[in-house]
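Each chain, letter by letter, is given below.
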Amino acid sequence: MYSFLLLNALINGVVVGAMYALIGCSLNVLYGVLRVVNFAHGEFVVGGAFLAFVLFEQFGLNPVASAPIGFVAFFIVGAALYYLLMPRLAKSDDPETASFLMMYGVALMGAAIMLMLFEADTRSIDYSFDPVSVKIASVYVPTSRLVALAVNLVIVAALAWFLYRTLAGKALRAAIMNREAIQIVGVNLHRLSAGAFGLALGLAGATGALLAMVFPAFSPFSGPDYTLIGFIIIVLGGLGHPVGAIVGGVLFGVVEQVATVFLPQAMAPMVGFSILILAIFLKPTGLFGRVALR
Amino acid sequence: MESASLPEERARRLRNLLWWSVLAGLVTWLAAVPLLGGSISFCFFLMLWVTMASGFNIISGFTGYMPFGYVAFYGVGAFTTAILTRKLGVPLALSIPAAGLAGVILSLLFAPTLKLSGIYFAIVSLALSIICRLAITNMPEAWTGGSYGIQLGARSEPVKSFYVMLVVMVACLLTVTWLANSRLGKALRAIRDDADAAEAMGVNVPRVRLYAWMLAALFPSLCGGIEAWYTNVVDAESAFNVLITAKTIIYATAGGLGTVMGPVVGAVVLVWVDELIWQRFPLLNLFLLGLAIVLLIQFMPRGIVGGLLRAYPRLRRFVL
C-alpha cells in the first residue's frame, strides 16, 4: 500500500516540483540581474492563471495555448514596471530590502485588482483532455498534469537554450555575475535589465497558465502561497542562480508530496519551511552557491 | 565635570525636552479620551500601532534588520493570553504579562537567525512566522480552537484595556527614548553602520543584538495579548496575518526608521488617513495600501521625519 502511495507521491512531486522550479527560475532571473526580491511573483503567476481562465471562457482556448500569450502579456507588464519603478529605487540606501517592501506593495495592488475583476471566489478552468488520466505503472495520473509537465520541460529547455546559447542570454548571465564589468564591454544595462524584468514576469505569466492545469483551483488570494514557495526554492537552490532553482524546485516538490503520505495534509507546508531554515543554516549560499554558474 | 556648556550637550537636552513635551501632550490627550467620550476603539488601535511601529524601530531602525515575520510575536502573544485566560482560568493581570514573556522566549528561540543578514533574514523571519501559524492551527482543537479561534470569555472591559494599552505604549516609547540616549543604543547604531568596526571597538556584537531583538519582541507580544483581551476573540488566520507585519513596517518607515519620533509620527498620520479616507472604500482599501507602500519607497524612503532631517539638517538639533 505504501509503495503505491509513494509512487503516486513521487510522480506528483515531479509534476508539482517542476512548476515550483519554473517559479523559482523566474524569481532568480529577477534577483540575479536586478537584486530585486519579487514579493509580487505569486500574484503574477495567479494573474497568468486568470488570463488563461478568461481566454478559455471567452474563446475556448486550450490553457497550453494560453501559456505563450501569458508570456507576451506579462513580458510587457514586466518591462513597463522596470522603467516605472526601478530608476528611483536604485538610488535608495539599501535597494535590496527596499525592493522587498516595495514589491509587497505591488503584490497588494495586484491582489486587489484581481479581487475587483474576479471577486473572491475560487475559479478553475473546465478544460479536459482526452483521455482524462493516464496509467503509469499502477498509478493514474491526470493527463492535464502530464501535459503541464511536458510544456514545463519545453519552457525550461528554451530558457536554458536562451541563457547558454544566445548573446542576450549570455549577457544576462554575465549581468548576474558582475553588473559593473558588463557595462565596460558595451552592454546596455538598462535595456538588459528591462528585458530581465520582462522575462521574469513573462515566465511567471506562462507558469500561471500551466498552474491552472496542475492545481485546478485558484483565487485572487493564492498569490502569497506561490511567492513563499518561490522564496524557499531560490534560497534552497542559491539566490540568483536559475539552474539551482530547478534542482531546488523539484527537490522541494518531491519532499512536499512525499511528506503528505506520512503526515497530515495541513502539516506538509511545515516540512517545506523547515527544509528552508535547515538549508539556510547548513549552507547559506544554497545548494549551488555561486560557483556552478561559471 | 561640567559638560552642559558644550553645544553638543545643550542640543541633546533641547532635543530631549522637545520630545518629552510631545510625549506628555500625546499621553495627556490619550488618557483623556475615554473621559471626554472620544472614540475608544480608534485611539486603542492608534496606540497599538504606535507601539508596534516603535517596537519594530528597535530592531529595524537601530539595528538594521528587516524582520518580515514580526507578526509572529504578536500572534504568539495573542494566543498565550487567550489560552491562559480561557483554558486555564489565569487572571488577565497574569496572562497579559505572560504574553510578553512568551514573546521574549520566542525571540530567544529565533535568536540564531540574527547571524543572517539582509534578504536572508527577512525571508527566514517570514518563514518562521508562517511556521508559528501552522503550528498553532495544527495543535489540538481543545487548545487553540482550530479554525474558529478562541473566545476569551472574560468580561469585555474596553476602558480598562484601553488604559493598559496606554501604559504599554508609554513603556515602549520610554524604552526607545532610553535606548536612543544609552550606550546600548550607540552600540546598536554602530553595528548597523558597520558590524566589523563595532566589533573592533570592543562591542560584543551578538549580545547587543540579542538585547535589541528581545526588546523588539516584548512589545508586539504584549500588543497581541491586550488586543486579544480588547476584542475578546483570537484566531490564527488574523493573529498571524502578514498584513500586520506590513502595516507595522509601513507606519514605521513612513515616519522614519532610526529616529525616536519617526514611527510615532508615521503611525499617527497613517492610522488617521486610514480612518478618514481608506475605510470608506473597503474594496479599494487593499489597493490603496499597496499603492501607499510603492509611493513611499519610491518618493520617501526615509519617511516623513527622516526626509525632513535630510532636507533640513539643522532640524537634527530638535529631533530625537
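Definitions and limits used
Residues numbered from 1 in each chain as written. Chains lettered and ligands numbered in written order. Predicted model: local features only at pLDDT ≥ 70, side-chain atom pairs only at ≥ 80, totals over all residues. Heavy atoms only, no water. Contact = heavy atoms within 4.5 Å. Buried area = accessible area lost by both parts, 1.4 Å probe. Polar contact = N/O pair within 3.5 Å; in protein donor to acceptor, adjacent residues only side chain to side chain. Helix = DSSP H or I, 4+ residues; strand = E, 2+ residues; numbered from the N terminus. Nonpolar A, V, L, I, M, F, W, Y, C, P; charged D, E, K, R; others polar. Buried < 20%, exposed > 50% of the residue type's maximum accessible area, 1.4 Å probe, protein only. Salt bridge = Lys/Arg side-chain N within 4 Å of Asp/Glu carboxyl O. Pairing = 2+ DSSP bridges. 1 Å grid on protein atoms, 1.4 Å probe; cavity = no way out; pocket = protein on both sides within 12 Å on 5 of 7 lines; lining within 4 Å. Points joined across faces, edges and corners; volume = space filled by probe spheres on them. Expected span 1.5 Å × (residues − 1). Patch = residues over 30% accessible without salt bridge, like charges linked within 9 Å, V, L, I, M, F, W, Y side chains within 5 Å. Areas by Shrake-Rupley, 256 points an atom, 1.4 Å probe, with all protein chains shown as cover. pLDDT = per-residue confidence, 0-100.

**What about the interface of chain B and chain A?**
Line of reasoning, step 1. Between chain B and chain A, the contact holds 37 residues from the first and 39 residues from the second.
Line of reasoning, step 2. Where chain B abuts chain A, roughly 3,500 Å² becomes buried across the two surfaces, and 84% of that area is made up of carbon and sulfur atoms.
Line of reasoning, step 3. Considering only the side of chain B, the residues that lose the most area to chain A are Ile-119, Tyr-120 and Gln-298 of chain B, jointly responsible for 19% of the buried surface there.
Line of reasoning, step 4. Counting across the chain B and chain A interface gives two residue pairs in polar contact (both at pLDDT 80 or more).
Line of reasoning, step 5. Of all the elements in the fold, those that place two or more residues in the side of chain B that touches chain A are α5 (118-137), α12 (242-255) and α14 (282-299) of chain B.
Line of reasoning, step 6. Residues that form the side of chain B that touches chain A fall into these classes: 30 nonpolar, five polar and two charged.

**What to know about the environment of Asp-225 of chain A**
Residues and elements named next belong to chain A.
Line of reasoning, step 1. One can find Asp-225 in helix α9 (residues 223-237).
Line of reasoning, step 2. Residue classification places Asp-225 among the partly exposed positions, given a relative accessible area of 47%.
Line of reasoning, step 3. Sequence separation of Asp-225 and Gly-42 is 183 residues, and the distance between their C-alpha atoms is 6.9 Å.

**Quick word on the pattern of salt bridges**
Residues and elements named next belong to chain B.
Line of reasoning, step 1. A full pass over the atoms with the stated rule returns two salt bridges over all chains.
Line of reasoning, step 2. When the shortest N-O distance is used, the salt bridge between Glu-157 and Lys-160 registers 3.5 Å.
Line of reasoning, step 3. Accessibility expressed as a relative area gives 18% for Glu-157, which makes it buried.

**A few points about the environment of Ser-138 of chain A**
Residue and element names in this part refer to chain A.
Line of reasoning, step 1. One can find Ser-138 in the loop between β1 (133-136) and β2 (139-142).
Line of reasoning, step 2. For Ser-138, a relative accessible area of 42% gives the class partly exposed.
Line of reasoning, step 3. Sequence separation between Ser-138 and Asn-8 is 130 residues, and the spatial gap between their C-alpha atoms is 8.7 Å.

**Some details on the pairing of β1 of chain A**
Residues and elements named next belong to chain A.
Line of reasoning, step 1. Sheet topology places β1 next to β2; four bridges connect them, and they run antiparallel. Bridge pairing in β2 links Ser-133 to Pro-142.
Line of reasoning, step 2. Between the antiparallel neighbours β1 and β2 lie two residues, among them Ala-137 with a positive phi of about 55°.

**Thoughts on empty space enclosed by the protein**
Residues and elements named next belong to chain B.
Line of reasoning, step 1. Throughout the structure, instances matching the rule amount to one cavity of 30 Å³ or more.
Line of reasoning, step 2. By volume, the largest cavity amounts to about 50 Å³.
Line of reasoning, step 3. Along the walls of the largest cavity sit Gly-69, Phe-73, Phe-110, Thr-113, Phe-121, Ser-125, Leu-128 and Trp-213, which together make up its complete lining.
Line of reasoning, step 4. At three residues, α5 tops the list of elements feeding residues into the lining of the largest cavity.

**Description of α9 of chain A**
Structurally, the α-helix is built with 3.6 residues per turn, so residues lying three or four positions apart point the same way.
All names here are of chain A.
Line of reasoning, step 1. If you check α9, its first and last C-alpha atoms are 21 Å apart, about what 15 residues at 1.5 Å a residue would give, namely 21 Å.
Line of reasoning, step 2. Among the 15 residues that make up α9, 13 are buried, leaving the element largely enclosed by the rest of the structure.
Line of reasoning, step 3. Gly-238, located one to two residues past α9, shows a positive phi value of around 110°.

**A look at the layout of surface pockets**
Line of reasoning, step 1. Of the voids in this model, the largest pocket is the one considered here, and its volume is about 1,600 Å³.
Line of reasoning, step 2. Contributing to the lining of the largest pocket are 44 residues, with Ser-60, Gly-61, Arg-192, Leu-257 and Gly-258 of chain B lying nearest its centre.
Line of reasoning, step 3. Of all the secondary-structure elements, those providing two or more residues to the lining of the largest pocket are α4 (95-118) of chain A together with α1 (7-36), α5, α7 (158-181), α8 (183-193) and α15 (303-311) of chain B.
Line of reasoning, step 4. With six residues, the top contributor of residues to the lining of the largest pocket is α8 of chain B.
Line of reasoning, step 5. Approximately 1,200 Å³ is the volume found for the second largest pocket.
Line of reasoning, step 6. In terms of lining residues, the second largest pocket is bounded by 39 residues, among which Phe-221, Pro-224, Asp-225 and Leu-228 of chain A together with Arg-133 of chain B are the most central.
Line of reasoning, step 7. Going through the elements one at a time, α4, α9, α10 (242-262) and α11 (268-282) of chain A together with α5 and α12 of chain B are the ones with two or more residues in the lining of the second largest pocket.
Line of reasoning, step 8. Examining the composition of the lining of the second largest pocket, we find that seven residues originate from one element, α9 of chain A, more than from any other.
Line of reasoning, step 9. When the residues that make up the lining of the second largest pocket are grouped by side-chain class, the tally is 26 nonpolar, eight polar and five charged.

**Considerations on a nonpolar patch on the surface**
Line of reasoning, step 1. On the surface, a nonpolar cluster with roughly 720 Å² of combined accessible area is contributed by Met-116 of chain A together with Trp-29, Trp-272, Leu-276, Ile-277, Phe-281, Leu-283 and Leu-284 of chain B.
Line of reasoning, step 2. Broken down by secondary-structure element, the contributors of at least two residues to the nonpolar patch are α13 (261-276) and α14 of chain B.
Line of reasoning, step 3. Mapped onto the fold, Leu-284 of chain B is located in helix α14.

**Some remarks on the confidence of the model for chain A**
Line of reasoning, step 1. With 96% of its residues at a pLDDT of at least 70, chain A reaches an overall mean of 86.
Line of reasoning, step 2. Within chain A, the lowest mean pLDDT, 78, falls on α11 of chain A, and the highest, 94, falls on helix α2 (residues 41-59) of chain A.

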